[in-house]
Amino acid sequence: MTRCSSPTATTAAPRNSRPRSRTASATAARHWPHCAGSCSTWPDPPRMPTLTPPPLSLYVHLPWCVRKCPYCDFNSHQGRGPLPFEAYVDALLADLDHDLPLVWGRTVQTVFFGGGTPSLFPAAAIDRFLQGASARLRIAPGAEITLETNPGTAEHGRFELYRQAGVNRLSFGIQSFDDGCLARLGRIHDSREAESAVKLAQDAGFDNLNIDLMYALPGQDLAMAAHDLQRAFALSPAHVSHYQLTLEPNTVFAARPPDDLPDEDGGWDMQEHCQGLLAAAGYAQYEVSAYAREGRQCAHNLNYWRYGDYLGIGAGAHGKITLGHDESIHRRWKHKHPARYLADAGTDAAIGGDDTVGPERRPFEYMLNALRLVEGFSLASFSARTGLEARAITPQLELATARGWLEEADGRVRPTELGRRFTNDVVALFLPD
Ligand SMILES: C[S@@+](CC[C@H](N)C(=O)[O-])C[C@H]1O[C@@H](n2cnc3c(N)ncnc32)[C@H](O)[C@@H]1O
Ligand code: SF4
C-alpha cells in the first residue's frame, strides 16, 4: 500500500520518496542496544513466539467513478448506465461472511470506504452495508469510519445521511484548486464545487475532514502549488494528504505524458516548500504524504503503516490477517473486475489469491510500511507484529545507521531526513535474499 487507503500491492515501493542525488553521506557505524557486537553474523532469521494479532481494520472497495482520470491506476471503472448499488452491497456482505472465519472474535477499530468514488453510492446503501457489517462483526464504539468523496458528486442533503449512517470522516479528492490544473487532470469538478462540497459537509456536522491534493502537476509552478495549499487551509480541514503526481504504468498519462510536467528538482522544491507551509499552518507531517492537526491522524492508514491487520472487502480489495493460533500472516485479495466480483462474491471463486507471508518476507513488508512514518517504529513492535526477534534485522539497521538513514532514540528507530529522501533504498536493505 502506498498512496492513501487502497490496500492493493503492499509490496510496492513507496512513491513519494524522490532522491535528489544518489550519494548519501555516511556517518559512523554504531551497534544497536540489543547487540553484543557480533550481530551482523546471525545465520537465519531467528523466530520467537511473539506474533500477536494487531488492531484490525476493515477496508471496503467501491470501484466505480463518473469518469476515469488519466493519471489513475486504482481499481476504478467508469460507470456505464445505472450502477448496481444494491447488488454490490449484497456482494460485499457475502464477501464479508466468507472472510469472517479469519477474524472470529476480533473487534474492528476502523472502517474505510475507498475507491473508485464511494460518494457515488447513496447513503442508504452505505447504511445497509454498515448495519450488515455490525451484525456480523464487533465494530468498536467510536470507530473511525471514513468515506472517500469526489466533490463532483456532492449533493445537498447527502452528507447528513452519510453521518446518520455512521460515517464520521470524509476524505475529499480535490487535487488542486486551480481550474486549469483540474481540467488537465480530467477531473469532473472545478474549484468552486470543491469549496462548496467541503462547506456542505461541514454544515452537515463533519469536523474530521481530509483534503487530498496533488502537486508537480502539468503546467504547475511553485507559487501555484503553494496557492493550492492556502485555499485548502482556508477550509480548515483536520488533515491534508499531499501527493506528488506520479506517472503510473497503464494510465493515459504514462502512455502520453504531459509535456509541461515539472522536472524532478521542480517537484522536490515544491515538496520542501509545501512541507514548510503545512507545518506553519499547524499540520504536522506524520507520514511521507500525510499531515494532520493534533490528534487527527488517519487511524485507518496508521494501522496499515504500523503493520496492523485488515480485512479487504470488495472488487480487487486486499487483506492482511495475523492468525494467532498458528502464528502465521496471511494475505488475501479479491478479483478486480466488478462484474466478476458481483457474480462470485461470497464464494472461493471471488478470491484472486491467498498467500502466506513467511518469516523471511516480514522484515521487508514491515519496513515498507513503518519507514513511511515520521515516528518510525519500536523494536518491541517489530517483534510483536512480525514474530521475529529484533536481532533478525540488526545488520540492516547497522548499515542504514552507518549511512545516516536511520537513527535510534528512546527505544524507537526513526528515518532521518536523509533516510526519508532515500526511503526506497532503506527499505531495499530488508529484501529477503
Ligand atoms: C483512490 S484515490 C480516491 C479519491 C477519489 N476517487 C477521487 O479521486 O476523488 C486517492 C487519492 O490518490 C491520489 N492519487 C491518485 N492517483 C495518483 C497519482 N498517479 N499520483 C499521485 N497521487 C495520486 C489522489 O490525490 C486521490 O485523491
Ligand atoms: S475519481 Fe479517483 S479513483 Fe476515480 S479515476 Fe479519478 S482518481 Fe481514480
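Residues numbered from 1 in each chain as written. Chains lettered and ligands numbered in written order. Predicted model: local features only at pLDDT ≥ 70, side-chain atom pairs only at ≥ 80, totals over all residues.

Within the chain, the regular secondary structure consists of 15 helices and 17 strands. Here the chain, with 433 residues, has 44% of them falling under the buried criterion. Here the analysis covers contacts within the chain between residues at least 6 apart in sequence; of these, 75% occur between residues at least 24 apart. (Helix = DSSP H or I, 4+ residues; strand = E, 2+ residues; numbered from the N terminus. Buried ≥ 20, exposed ≤ 12 C-beta atoms within 10 Å, placed from the backbone. Contact = placed C-beta atoms within 7 Å.)

Spatially, E15-E17-E16 is the arrangement adopted by the three strands of the open sheet, whose pairing is antiparallel. Pairing within the sheet leaves two strands with one partner each, and these edge strands are strand E15 (377-378) and strand E16 (406-409). Here four bridges tie E16 to strand E17 (residues 412-415), and the two strands are oriented antiparallel to one another. Directly across from leucine 406, in E17, lies its bridge partner proline 415. (Pairing = 2+ DSSP bridges.)

Locating alanine 216 in the fold gives a position in the loop between strand E7 (209-215) and helix H6 (222-234). Separated by 51 residues in sequence, alanine 216 and glycine 267 have C-alpha atoms that sit 5.2 Å apart. Once residues within four sequence positions are removed from consideration, alanine 216 is found in contact with Gln244, Leu245, Leu261, Pro262, Gly266, Gly267 and Met270.

Before going further, it helps to examine the packing of helix H2 (residues 123-136) against helix H3 (residues 158-165). When two helices pack together, their arrangement is captured by the angle between the axes and the distance separating the axes. For the pair H2 and H3, interaxial distance at closest approach is 9 Å and the crossing angle is 5°. It follows that H2 is roughly parallel to H3 by the angle criterion. Here H2 contributes Ala123, Ile126, Asp127 and Leu130 to the contact with H3, which in turn contributes Arg158, Leu161, Tyr162 and Ala165. Of the residues belonging to the contact of H2 with H3, the class tally is six nonpolar, no polar and two charged. (Axes fitted to C-alpha atoms, helices over the stretch in contact; angles between N-to-C directions. Parallel < 35°, antiparallel > 145°, perpendicular 65-115°, else oblique. Nonpolar A, V, L, I, M, F, W, Y, C, P; charged D, E, K, R; others polar.)

Moving on: the site of ligand 2. Around ligand 2, the surrounding shell consists of Cys65, Lys68, Cys69, Cys72, Phe74, Ser76, Gly115, Gly116, Thr117, Asn150 and Gly173. For the shell around ligand 2, a count of residues per class yields four nonpolar, six polar and one charged. (Near = placed C-beta within 6 Å.)

Moving on, we get to the packing of helix H11 (residues 362-370) against helix H12 (residues 379-386). In the contact formed by H11 and H12, the axes pass within 10 Å of each other and the chain directions differ by 125°. It follows from the interaxial angle that H11 and H12 lie oblique. In terms of crossing hand, the pair formed by H11 and H12 is right-handed. Only Phe382, Arg385 and Thr386 of H12 make contact with H11, whose side of the interface consists of Arg362, Pro363 and Tyr366. Of the residues belonging to the contact of H11 with H12, the class tally is three nonpolar, one polar and two charged. (Left-handed = near helix turned anticlockwise from the far one by under 90°.)

The next subject is unusual backbone geometry. At the junction of glycine 115 and glycine 116, the peptide bond is cis and its omega measures out at 15° in the coordinates. Tracing the backbone through its elements, the reader meets glycine 116 in the loop between strand E4 (107-115) and H2. With a phi close to 75°, glutamine 175 is a non-glycine residue in the positive phi region. With 25 C-beta atoms packed within 10 Å, glutamine 175 lands in the buried category. Backbone geometry places asparagine 250, a non-glycine residue, at a positive phi of 65°. Here asparagine 250 lies in the loop between strand E8 (239-244) and helix H7 (252-255). Its 7 C-beta neighbours within 10 Å are what place asparagine 250 among the exposed residues.

Moving on: the nonpolar core. If you look at the biggest cluster of nonpolar residues, it comprises 100 residues, and the most contacted ones within it are Leu58, Val60, Leu92 and Tyr215. Among the elements that line this core, the one with the most residues is helix H1 (residues 85-99), at six residues. Looking at this core, you find at least three residues from each of domain 1 (1-47 + 366-433) and domain 2 (56-304). Beyond its immediate chain neighbours, meaning those up to four positions away, leucine 58 contacts Val108, Val111, Ala133, Tyr310, Leu311 and Ile313. (Core = buried A, V, L, I, M, F, W, Y, C linked by C-beta atoms within 7 Å. Domains from an automatic or database assignment.)

The next subject is the environment of alanine 91. Position of alanine 91 relative to the elements: it lies in helix H1. Spatially, the C-alpha atoms of alanine 91 and aspartate 344 are 8.1 Å apart, while their sequence positions differ by 253 residues. Apart from the residues within four sequence positions on either side, alanine 91 is in contact with Tyr341, Leu342 and Ala345.

This paragraph deals with H6. Look at H6: 19 Å from first C-alpha to last across 13 residues, which is about the 18 Å you get at 1.5 Å a residue. Lining the buried residues of H6 we find E7, E8 and helix H8 (264-280). (Expected span 1.5 Å × (residues − 1).)

The next point concerns the pairing of E17. Judged by which residues are buried, E17 turns out to be one-sided: Val413 and Pro415 face inward and are buried, whereas Arg412 and Arg414, on the alternate face, are not. The turn linking E16 back onto E17 is made up of two residues, and aspartate 410 within it adopts a positive phi angle of 55°.

For the rest of this paragraph, the subject is the confidence of the model for the chain. When pLDDT is averaged along the chain, the result is 90, and 89% of the positions lie at 70 or above. Low pLDDT, under 50, characterises residues 8-43; the predicted model gives this stretch 75 contacts beyond four residues in sequence or across chains. (pLDDT = per-residue confidence, 0-100.)

Further remarks concern the environment of serine 57. For serine 57, the position within the fold is in strand E1 (residues 56-62). Residue serine 57 is classed as buried on the basis of its 27 C-beta neighbours within 10 Å. In this structure serine 57 touches Val108, Gln109, Thr110, Phe112, His300, Asn303, Gly308 and Tyr310, once residues within four positions along its chain are discounted.

Once that is clear, we can look at H1. For H1, with 15 residues, the first-to-last C-alpha span of 21 Å sits near the 21 Å given by 1.5 Å per residue. Tyr88, Val89, Ala91, Leu92, Leu93, Asp95, Leu96 and Asp99 are the residues of H1 that are buried. As for H1, its buried residues are in contact with E1, H2, strand E11 (309-314), strand E12 (318-323), strand E13 (328-334) and helix H10 (338-344).

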